[in-house]
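Structural overview
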Protein chains: 2
Amino acid sequence: MKIAIDAFGGDNAPLEIVKGAITAVNLIDDVEIVLVGKKQPIVDILSEYGYEGDKIEILEADEVITNEESPTTAIRTKKNSTIVVGCNRLKADDEVVGFISAGSTGAILSGGVFIVGRMPGVLRPALAPTLPNVKGGKSLLIDCGANVDCKPEFLVQFAQMGTIYMKNVCKVENPKVGLLNIGVEDKKGNNLTHEAFGLLSQAKNINFVGNVEARDLLSGDVDVIVADGFHGNIALKASEGAIKNMFKLMKDQINKSGCFAKLGAALMKKTFKKLKSGLDYNLYGGTAFLGVNKIVLKTHGTATAQTILSCVNQVKEIHESGIIENLKASFSENL
Amino acid sequence: MKIAIDAFGGDNAPLEIVKGAITAVNLIDDVEIVLVGKKQPIVDILSEYGYEGDKIEILEADEVITNEESPTTAIRTKKNSTIVVGCNRLKADDEVVGFISAGSTGAILSGGVFIVGRMPGVLRPALAPTLPNVKGGKSLLIDCGANVDCKPEFLVQFAQMGTIYMKNVCKVENPKVGLLNIGVEDKKGNNLTHEAFGLLSQAKNINFVGNVEARDLLSGDVDVIVADGFHGNIALKASEGAIKNMFKLMKDQINKSGCFAKLGAALMKKTFKKLKSGLDYNLYGGTAFLGVNKIVLKTHGTATAQTILSCVNQVKEIHESGIIENLKASFSENL
């Protein structure tokens, strides 16, 4: 299978992206990479790192969409940008199964919807990161920012897409679905969650277990957390920020402490490192954009070669799970 | 000054609440407490802890509103509940400056609005916790759950109330106000935040600095974080949950580690404790319900004697800051 990668997306592009692609083709059987971007810099890095194989193709695209641009305008006007060229190739080439980018989230979503295309029957594609939970498993948060003014019926589809993802990709038998809300009681929430709660309780093909609070985002009590994209984004970023600030405060506190605590911290260095990496969902790869016709994976702007390797593995896993076909079959029933 | 306290609110009532009241009158000059609840259990605890002074009054109220009841119905029908009796006393007695409860949040808010009364000119009173930030200061989050379907103009008033709180109570000269959003760029967000951004940019008496992401909730970059109550609640609980789960994971990780890490953890015990208590905003007291005619303070359901002591100090501080008069003066201008 071939996987296309935006070689010029994110803060560490193109170096880390190209290095990641080299590692991926060296380590993973049956995977070829299409690197999308300006040819010469890519050629230079490939040659610098001694790659001489034939499993990396370069697809010329000499523009980059920045975070500052309006995503929809950029997708329409920058025909030669890495995201537009990458999405076009994904759409047109049956051999290419997925597209990975660390670039502008908005542009990736627009490219997904307007170029790769919405699956028939899906109202709104959604961004669905898998988060490491404290039980050692993963929970899927859907949506975390693609749709910021959701209707209740969108949330029902998010629950259905999330269920199919957890069954197919994460091999969870009967995934529990929770609705992100401000309390666990059935009647808690705002207009959107009230209506969504009613619809989710009646919806077919999902195992809806009720409301879940943001404090349980990482608890692993449910497998799929359904949310309006605005709410999901707030919950995800608040969790990230709290953890980051915790480590910062811990460092400050250690610096202010006596030599016992400093010695203690030195002895715990490995533990801290494991803990940090266990919580860093970026290490696990990227966030799938579910509900478009092929696999589109958005990864963090700070993506390194290691992140890109994880993303390639993830696209391969998603592809081999058959989820795209299952999603298509499931949603075409609604038509 | 007198402060009324719901003696039967929260998981540790009445024991911890009554103990907290005893400590408060023993430690704080010029404060008298009105304990609201069933007389005999309160008398028993006062006598068990040897309190024989005259600075604690008991105000009989033999019902308790539970978290399971509809708040508005309960406030209307349970006339003899601690929250209704406490709010009535607060409203009627000029000597009583505030009411503290660890009971049902919904009932406290309903009591605040329907009994103590909305300030003239205030559209929606709001729950406003002060959160410890990583710069060592405090930031105010307003609203964090009282209003779950906000109109943009409510958010402008939250910004104004929050500004007055930070100026009066926390002595911040020109408090920076940020709008909780899913990105820092001006155009980010949903319908509500788009409209609110425009209104906040034009609003008088506030120092609006733009959007703030949930990951910066504890960063201390702004002094007042304005949010729809649903969004604020999600952000706050996600942060709490992430920190709680971090400590849980750290414990698990230490248990799985070798003796060096275990020794390290033992040496760092004090540091961890300081860190945990620094992040636990419940220790700081309670959450003010701003925009009602007198001071109403909601504290955590797990409140202990120490929490109650902090709450009494907080009510005293709020009262002495003159914020109630300043809020009234400021919002009556709108009429």
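Residues numbered from 1 in each chain as written. Chains lettered and ligands numbered in written order. Predicted model: local features only at pLDDT ≥ 70, side-chain atom pairs only at ≥ 80, totals over all residues. Heavy atoms only, no water.

Overview of the overall build of chain A
Note the following rule: A run of H or I in DSSP counts as a helix once it spans at least four residues, and a run of E counts as a strand once it spans at least two, with each numbered from the N terminus. The reference for a compact globule is 2.2 Å times residues^0.38; the radius of gyration itself is calculated from the C-alpha atoms. Only protein chains enter the accessibility calculation, which uses a 1.4 Å probe. A residue is then buried if its area is under 20% of the maximum for its type, exposed if over 50%, and partly exposed in between. The protein chains shown are the only cover counted for residues, whose accessible areas, like all others here, come from Shrake-Rupley with a 1.4 Å probe. For the purpose of counting charges, residues Lys and Arg are taken to be positive, whereas Asp and Glu are taken to be negative. His and the chain ends are not included. Note that the charge is assigned to NZ on lysines, CZ on arginines, CG on aspartates and CD on glutamates.
Of the regular secondary structure elements, chain A holds twelve helices and twelve strands. A compact globule built from 335 residues should have a C-alpha radius of gyration of about 20 Å, and chain A, at 21 Å, falls within 12% of that. Viewed in the frame of its principal axes, chain A has a C-alpha envelope of about 70 × 60 × 35 Å. Taking all 335 residues of chain A together, 60% fall into the buried category. In the structure as shown, chain A presents an accessible area of about 13800 Å², 50% of it carried by carbon and sulfur atoms. In chain A, which carries 37 positive and 38 negative side-chain charges, the distance between the mean positions of the two groups comes to 6 Å.

Regarding the pairing of strand E9 (residues 207-213) of chain A
What counts is decided by this rule: The crossover handedness rule: strands pointing away from the viewer, path from first strand over the helix to second strand clockwise, crossover right-handed.
For E9 of chain A, a buried count of five out of seven residues is recorded, marking the element as mostly surrounded by other parts of the structure. Where the polypeptide runs from strand E8 (residues 176-181) of chain A across helix H7 (residues 191-202) of chain A and back to E9 of chain A, its parallel neighbour, the crossover connection is right-handed.

Thoughts on the relation of the copies chain B and chain A
Worth spelling out the cut-off: Our superposition of the copies is a least-squares fit, built on the C-alpha atoms of residues whose pLDDT is at least 70 in both. Contact criterion: two residues are considered in contact whenever any of their non-hydrogen atoms come within 4.5 Å of each other.
With an RMSD of 0.0 Å, chain B superimposes on chain A once it is rotated by 180° and translated 0.0 Å along the axis. As the rotation angle and translation indicate, the two copies are arranged about a two-fold axis. Among all residues of chain B, the one whose C-alpha sits closest to the rotation axis is Gly264 of chain B, at a distance of 1.7 Å. Comparing contact sets, 100% of the residues at the interface of chain B also lie at the interface in chain A, consistent with an isologous, same-surface contact.

Observations regarding unusual backbone geometry
Residues and elements named next belong to chain A. The omega torsion of the bond from Ala13 to Pro14 falls at 0°, within 30 degrees of zero and hence cis. With respect to the helices, strands and loops of the structure, Pro14 is situated in the loop between strand E1 (2-6) and helix H1 (15-27). Of note, the phi angle at Asn205 is positive, near 65°, even though the residue is not glycine. Position of Asn205 relative to the elements: it lies in the loop between H7 and E9. Judged by relative accessible area, which is 54%, Asn205 ranks as exposed.

Section: the pattern of salt bridges
Here is the rule we go by: Think of a salt bridge as a Lys or Arg side-chain nitrogen and an Asp or Glu carboxyl oxygen that are within 4 Å of each other.
Taken as a whole and judged by the stated rule, the model has 24 salt bridges over all chains. Taking the shortest distance from any N to any O, the salt bridge between Glu69 of chain B and Lys78 of chain B comes out at 2.9 Å. Each of Lys2, Glu57, Arg89, Asp93 and Glu95 of chain A takes part in salt bridges that share partners, so that together they form one network.

Overview of the packing of aromatic side chains
Given two aromatic rings, one states the distance between the centres and the angle between the planes to describe the pair. Residues and elements named next belong to chain A. Quick note on the threshold: A pair of Phe, Tyr and Trp rings is counted when the ring centres sit within 6.5 Å of each other, with Trp represented by its six-membered ring. The angle between the planes then sorts it: under 30 degrees is stacked, over 60 is edge-to-face, the rest tilted.
With the rule as written, the count across this model stands at two aromatic pairs over all chains. Ring geometry for Phe197 versus Phe208: centroids 5.2 Å apart, planes at 75°, classification edge-to-face. Of this pair, Phe197 sits in helix H7 while Phe208 sits in strand E9; the two residues are eleven residues apart in sequence, bridging distant segments of the chain.

Remarks on the packing of helix H1 (residues 15-27) of chain B against helix H2 (residues 39-48) of chain B
Residue and element names in this part refer to chain B. This is how it is decided: Axis definition: a line fitted to C-alpha atoms, over the contacting stretch in the case of helices. Angles run 0 to 180 degrees between N-to-C directions. Roughly parallel here means an angle under 35 degrees, roughly antiparallel means over 145, roughly perpendicular means 65 to 115, and every remaining angle is called oblique. The sense of a crossing depends on the near helix, which, turned anticlockwise from the far helix by less than a right angle, makes the crossing left-handed and, turned clockwise, makes it right-handed.
Contact pair H1 / H2: the axes reach a minimum separation of 10 Å and the direction vectors enclose 55°. Of the possible angle classes, the one that applies to H1 and H2 is oblique. The chirality of how H1 crosses H2 is right-handed. Note on element contacts: H2 touches H1 through Ile42, Ile45 and Leu46, opposite Leu15, Val18 and Ile22.

Concerning the packing of helix H6 (residues 152-168) of chain A against H7 of chain A
To describe two helices that pack against each other, one gives the angle between their axes and the distance between the axes. Residue and element names in this part refer to chain A. Relative orientation of the contacting elements H6 and H7 amounts to 50°, with a least axis distance of 8 Å. In this view, H6 runs oblique relative to H7, as classed from their interaxial angle. The crossing of H6 and H7 is right-handed. For the pair H6 and H7, the contacting residues are Pro152, Glu153, Leu155, Val156 and Ala159 in the first and Leu192, Glu195, Ala196, Leu199 and Leu200 in the second.

With respect to the nonpolar core
Condition: Nonpolar cores are built from buried Ala, Val, Leu, Ile, Met, Phe, Trp, Tyr and Cys residues. Side-chain atoms within 4.5 Å join them into one set.
Ranked by size, the top nonpolar core spans 108 residues in total, and within it Met250 of chain A together with Met250 of chain B carry the most contacts. Once you skip the residues sitting within four places of it in the chain, Met250 of chain A turns out to touch Phe272 of chain A together with Met250, Met268, Phe272 and Leu275 of chain B.

Description of the domain arrangement of chain A
Residue and element names in this part refer to chain A. Counted only if it meets this: Note that the domain bounds were set by an automatic or database domain assignment. Ten residue types, Ala, Val, Leu, Ile, Met, Phe, Trp, Tyr, Cys and Pro, are classed as nonpolar, four, Asp, Glu, Lys and Arg, as charged, and the remainder, Gly among them, as polar.
The domain boundaries assigned to chain A delineate domain 1 (1-122 + 291-325) and domain 2 (123-282). With 17 residues of domain 1 in contact, the opposing surface of domain 2 contributes twelve residues. Scanning the region where domain 1 abuts domain 2 turns up zero salt bridges. Looking at the side of domain 1 that touches domain 2, the elements with two or more residues in it are helix H5 (105-117) and helix H11 (305-321). Looking at the side of domain 1 that touches domain 2, the element that brings in the most residues is H11, giving five residues. Grouping the constituent residues of the side of domain 1 that touches domain 2 by class yields six nonpolar, eight polar and three charged.

Topic: the side chain of Glu213 of chain A
Worth spelling out the cut-off: Whenever two N or O atoms come within 3.5 Å, that pair is a polar contact, provided that in protein one can donate a hydrogen and the other can accept it, and provided that, for residues adjacent in sequence, both atoms are side-chain atoms.
Along the chain, Glu213 of chain A falls in strand E9. On the basis of relative accessibility, which here comes to 11%, the residue Glu213 of chain A falls in the buried class. Side chain to side chain, Glu213 of chain A and Lys237 of chain B meet in a polar contact 2.4 Å long. Not counting residues within four places of it along the chain, the set of residues in contact with Glu213 of chain A comprises Leu180, Asn181, Ile182, Gly183 and Val184 of chain A together with Lys237 of chain B.

A short note on the interface of chain B and chain A
Think of interface size as the accessible area that goes away when the parts come together; that is how it is often given. Here is the rule: Accessible-area loss on putting two parts together, using a 1.4 Å probe and summing over both, is the definition of buried area adopted here.
In this assembly, 47 residues from chain B lie in contact with 47 residues from chain A. Roughly 4600 Å² is buried in total at the junction of chain B and chain A, and carbon and sulfur atoms are behind 72% of that figure. The largest share of the area that chain B buries against chain A comes from Ile182, Arg215 and Phe230 of chain B, three residues that together contribute 15% of it. Linking chain B with chain A are four salt bridges, by the criterion used here. With its nearest N and O atoms 3.3 Å apart, the salt bridge here joins Glu240 of chain A to Arg215 of chain B. Taken together, chain B and chain A are joined by nine residue pairs in polar contact (both at pLDDT 80 or more). Looking at the side of chain B that touches chain A, the elements with two or more residues in it are strand E8 (176-181), helix H7 (191-202), helix H8 (229-256), helix H9 (259-267) and helix H10 (269-279) of chain B. Looking at the side of chain B that touches chain A element by element, the count peaks at 19 residues for H8 of chain B.

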